[in-house]
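# Descriptive structure summary
Chain residues, written in single-letter form:
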Protein chains: 2
Amino acid sequence: MVHILYIEDEKDIGKWVTQNLKEKGYQVKWMQSGEGIDQYISTVDIVILDVMLPGLDGFSIGKRIKRENKDLPILMLSARTAVEDKLEGLSFADDYLTKPFHPDELAARIEVLLRRFNKNDNILQLQHLTIHTKDLQIVNQETGEEIQLTGKQYYLFQYFLRHLNQILTKEQLYEGVWGEPYIEGDKTLMVHIRYLREKIEKDPANPTIIETIRGIGYRVKK
Amino acid sequence: MVHILYIEDEKDIGKWVTQNLKEKGYQVKWMQSGEGIDQYISTVDIVILDVMLPGLDGFSIGKRIKRENKDLPILMLSARTAVEDKLEGLSFADDYLTKPFHPDELAARIEVLLRRFNKNDNILQLQHLTIHTKDLQIVNQETGEEIQLTGKQYYLFQYFLRHLNQILTKEQLYEGVWGEPYIEGDKTLMVHIRYLREKIEKDPANPTIIETIRGIGYRVKK
DNA sequence: CCTGGATTTTAAGGTTAATTTGAGGTTACT
DNA sequence: AGTAACCTCAAATTAACCTTAAAATCCAGG
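In this report, we go over the structure that sits alongside the text. Position numbers for residues start from 1 in each chain and track the written sequence from start to end. Written order decides the labels, with chains lettered from A and ligands numbered from 1. Under the rules for a predicted model, residues below a pLDDT of 70 receive no local features and side-chain atom pairs below 80 are neither given nor counted, while totals for whole chains, interfaces and linings still include all residues. With hydrogens and water stripped out, all remaining heavy atoms of the structure feed into the side-chain values.

## Some points on the protein's contact with DNA strand D
Spelled out, the test is: A cutoff of 4 Å decides nearness: a residue is near a molecule or strand if any of its heavy atoms lies inside that distance of it. The helix count covers DSSP runs of H or I at least four residues long, the strand count covers runs of E at least two residues long, and both are numbered beginning at the N terminus. For this classification, the nonpolar set comprises Ala, Val, Leu, Ile, Met, Phe, Trp, Tyr, Cys and Pro, the charged set comprises Asp, Glu, Lys and Arg, and every other residue, Gly included, is treated as polar.
Of all residues adjacent to DNA strand D, which total 20 residues, the nearest are A:Thr150, A:His192, A:Tyr195, B:Thr150 and B:Tyr195. Contributing elements (two or more residues each) for the surface near DNA strand D: helix H6 (151–162) and helix H8 (188–200) of chain A together with helix H6 (151–162) and helix H8 (188–200) of chain B. Considered class by class, the residues forming the surface near DNA strand D number six nonpolar, eight polar and six charged.

## Describing the interface of chain A and chain B
Put simply, the test is: Whether two residues are in contact is decided by their heavy atoms: any pair within 4.5 Å suffices. Buried surface area refers to the total accessible area, computed with a probe of radius 1.4 Å, that the two partners give up upon joining, counted for both partners together. Every case where a carboxyl oxygen of Asp or Glu lies within 4 Å of a side-chain nitrogen of Lys or Arg is listed as a salt bridge. Under the rule applied, a polar contact is a pair of N or O atoms within 3.5 Å (in protein, one hydrogen donor and one hydrogen acceptor; residues adjacent in sequence only if both atoms are side-chain atoms).
Across the contact, 32 residues belong to chain A and 31 residues belong to chain B. When residues of chain A are sorted by the area they lose upon contact with chain B, A:Leu90, A:Arg109 and A:Arg116 head the list and together hold 21% of the total. There are eight salt bridges connecting chain A and chain B. B:Lys86 is the partner of A:Glu105 in a salt bridge, and the nearest nitrogen-oxygen pair spans 2.9 Å. On inspection of chain A and its partner chain B, the count reaches 17 residue pairs in polar contact (both at pLDDT 80 or more). Taken together, the elements giving at least two residues each to the side of chain A that touches chain B come down to helix H4 (83–90), strand E5 (95–98), helix H5 (103–116) and H6 of chain A. Examining the composition of the side of chain A that touches chain B, we find that eight residues originate from one element, H5(A), more than from any other. When its residues are assigned to classes, the side of chain A that touches chain B shows 14 nonpolar, seven polar and 11 charged.

## Some details on the packing of aromatic side chains
To be explicit about the condition: Aromatic contacts are taken between Phe, Tyr and Trp rings whose centres are within 6.5 Å, Trp giving its six-membered ring; a plane angle under 30 degrees counts as stacked, one over 60 as edge-to-face, and the others as tilted. In this scheme, a residue with accessible area under 20% of its type's maximum is buried, one over 50% is exposed, and one in between is partly exposed, where area comes from a 1.4 Å probe on protein chains only.
Enumeration according to the criterion identifies 10 aromatic pairs over all chains in this entry. Arranged with centres 6.0 Å apart and planes meeting at 40°, the rings of A:Trp16 and A:Phe101 form a pair that is tilted. You can see A:Trp16 sitting in helix H1 (residues 11–23) and its partner A:Phe101 sitting in the loop between E5 and H5, a full 85 residues away along the chain. With a relative accessible area of 11%, A:Phe101 lands in the buried category. Aromatic side chains B:Tyr174 and B:Trp178 sit 4.6 Å apart centroid to centroid with 0° between the ring planes, which places their arrangement in the stacked category. Of this pair, B:Tyr174 and B:Trp178 both sit in helix H7 (residues 170–178), four residues apart, which is roughly one turn of that helix. Of the two residues examined, B:Tyr174 and B:Trp178, each falls in the buried class. One aromatic cluster in this structure is built from A:Tyr174, A:Trp178 and A:Tyr182.

Have a look at this one:
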């Protein structure tokens with residue numbers, strides 16, 4: 001699911017754009033000013049920023065975001081069509097679209113940026129974990145540190161992520177990860193579950209991400 | 001020096017744009033059709049492509065370039081303002097600008113793409129290495145000496161730089177650099193990683209630039 | 001609410017597999 | 001022919017993985 005942070009003060013346009021983007025399957029967080037965006041930018045895949053805003057203008061906000069986070073694409077939106085404005089916007093942002101625009105064009109330009117920034121993969125938020133499935137990256141949102149998994153641990157976790165909310169039997173898990181039949185009574189899987197928990201759980205002794213379903217197997221809930 | 005390949009059949013516009021870009025310090029190769037571009041695309045930093053061309057249209061040319069060379073930015077130029085045209089263009093290209101446009105806006109958009117594709121004379125600092133991304137000149141900041149890479153090493157390192165922070169599987173790396181399928185168990189890649197480490201790492205026995213992700217592959221972090 | 005068997009978790013050491021390293025051989029270019 | 005780059009292969013090293021056993025937990029029946 002692609003997460004968009006959209007900052008726009010005009011209610012009519014804001015509502016219309018948000019609605020349109022949601023219909024196209026994006027997750028949209030619409031804010032009416034640049035205040036308090038910091039708590040969102042770390043969880044978001046792209047920022048759409050209107051230039052004319054009450055208080056701090058969009059250019060300043062965009063420049064600050066880029067300074068702190070170069071890997072986050074920014075698309076500027078503006079009614080100002082003057083070349084000077086475009087130049088200022090494009091000096092730091094990744095695209096500049098003038099109003100009025102067709103929502104499909106906005107979506108197409110969003111897709112270009114997501115493609116280019118490798119953000120069009122699934123970014124999954126699981127409690128304190130941010131998971132970039134394409135980059136094989138897992139970040140602990142509390143410490144900001146990346147969690148390093150070994151091969152088996154990674155494939156095991158991936159299997160859970162592909163089957164979110166499903167109860168997975170030990171057979172399914174073992175066969176899905178190891179590619180060979182599970183032998184009743186084998187503890188290998190359980191031990192690897194532990195290794196994984198040790199790395200991803202806040203408190204490995206009281207796991208909340210990978211739950212145990214006694215007598216059956218395990219589950220990871222969204 | 002940034003090299004631009006510009007394909008435009010209309011002589012007036014072509015001359016005007018070429019002139020403008022040259023004044024801004026770009027090296028411009030202007031062609032009036034898509035024929036014979038192959039000999040240039042490997043030496044060029046960005047392609048500017050008009051949609052309406054005699055013979056093969058700009059969309060087809062752009063798609064082919066992207067298929068063969070994903071790391072070359074393409075900016076589409078067109079008098080067609082219909083959303084459908086923009087959507088088709090943006091489905092593969094990296095920007096779409098409608099005529100008439102201000103030459104400064106074109107230049108600004110070119111700069112955005114060069115920045116994003118690391119084609120401008122960006123300098124990347126990786127620990128003790130200073131890397132001029134455009135020509136991939138690597139200087140060891142401690143000795144002040146330039147590090148010379150061989151062909152394979154050069155492509156391999158470039159692949160890492162284009163995918164900074166991503167964990168790259170051995171398959172991805174092998175296929176990205178050698179262009180042929182990776183055979184399970186082949187050690188060739190690993191040996192080249194070693195050659196590369198020997199040249200770029202401070203202590204090749206304890207590499208800090210190219211990290212090993214056991215069971216998966218390698219990664220270079222920014 | 002206590003107890004005992006079943007199940008899961010934990011810990012540690014041994015085994016195995018992946019990676020690194022070294023050296024020799026092949027190929028391609030001048 | 002000579003050199004540099006590249007590839008191949010086997011030995012050494014390292015870290016992941018598996019096995020085992022003991023401890024902890026859960027759940028049903030008394």
